[in-house]
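Report on the structure
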Amino acid sequence: MPKKMAVVNYHKCRPEQCDSGVCAAVSACPRKLLKQEAPHEAPMPSPYACQNCAKCVLACPLKAIELM
Ligand code: SF4
Ligand code: SF4
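Heads up: these notes are all about the structure in this document. (Residues numbered from 1 in each chain as written. Chains lettered and ligands numbered in written order. Predicted model: local features only at pLDDT ≥ 70, side-chain atom pairs only at ≥ 80, totals over all residues. Heavy atoms only, no water.)

Points about the overall build of the protein chain
Keep this limit in mind: Only DSSP runs of H or I with at least four residues qualify as helices, and only runs of E with at least two residues qualify as strands; both kinds are numbered from the N terminus onward. The globule rule used for comparison is 2.2 Å times the number of residues to the exponent 0.38, while the radius of gyration itself is calculated over C-alpha atoms.
Across its full length, the protein chain holds two helices and four strands. N-terminal to C-terminal, the α/β element order of the protein chain is β-α-β-β-α-β. For 68 residues, the compact-globule estimate of 2.2 N^0.38 gives 11 Å, and the C-alpha radius of gyration of the protein chain, at 11 Å, lies within 12% of that figure. Projected onto the principal axes, the alpha-carbon positions of the protein chain cover approximately 35 × 20 × 15 Å.

Below, the structure written as structure tokens:
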């Protein structure tokens, strides 16, 4: 079975509703695999080295990150 990785559901992600536009999932990832170019922008995940730990999933208040 292919390994799961974090994917951002851009239909659910609302950075303007997050703390000062800062994505909580970015700082939750122990491998720093999510990047936010600037506040109020949706994060971009990197599929490489995702360890499927779900910390980013749990950190997002809008459940916009899924493991697929
Ligand atoms: S992924 Fe979640 S925590 Fe991050 S900006 Fe989008 S809604 Fe906010
Ligand atoms: S599942 Fe874990 S390793 Fe993968 S992006 Fe989310 S926090 Fe990072």
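A short note on the site of ligand 2
Which entries qualify depends on this criterion: One heavy atom suffices: a residue is near a molecule or strand as soon as one of its heavy atoms comes within 4 Å of it. Just so you know the grouping, Ala, Val, Leu, Ile, Met, Phe, Trp, Tyr, Cys and Pro go in nonpolar, Asp, Glu, Lys and Arg go in charged, and all remaining residues, Gly too, go in polar.
Taken together, A6, C29, P30, C50, Q51, N52, C53, A54, K55, C56 and L67 make up the full set of residues near ligand 2. Among the residues making up the shell around ligand 2, the classes are represented as eight nonpolar, two polar and one charged.

Considering unusual backbone geometry
Phi is positive for H40, which is not a glycine, with a value near 75°. Position of H40 among the secondary structure elements: in the loop between β2 (34–35) and β3 (44–45). With a phi angle near 70°, A54 is a residue other than glycine that sits in the positive phi range.

What about the side chain of N9?
Rules: Buried residues are those whose accessible area, probed at 1.4 Å on protein chains only, stays under 20% of the maximum for their type, while exposed residues exceed 50% and partly exposed ones sit between those limits. Here, residues are in contact when the closest pair of their heavy atoms is within 4.5 Å.
Looking at the element boundaries, N9 is found in the loop between β1 (6–8) and α1 (24–28). Looking at N9, the relative accessible area reads 19%, which means it is buried. In this view, N9 contacts A64 and E66; residues no more than four positions away in its chain are not counted.

A short note on the side chain of Q36
Condition: Distance and chemistry together define a polar contact, namely a pair of N or O atoms within 3.5 Å, with one atom able to donate a hydrogen and the other to accept it when in protein, and with adjacent residues in sequence counting only for side-chain atoms on both sides.
Among the structural elements, Q36 can be located in the loop between β2 and β3. A polar atom in the side chain of Q36 sits 2.9 Å from the backbone oxygen of G21. Once you skip the residues sitting within four places of it in the chain, Q36 turns out to touch G21, V22, C23, V26, E41 and P43.

These figures capture arrangement, not role.
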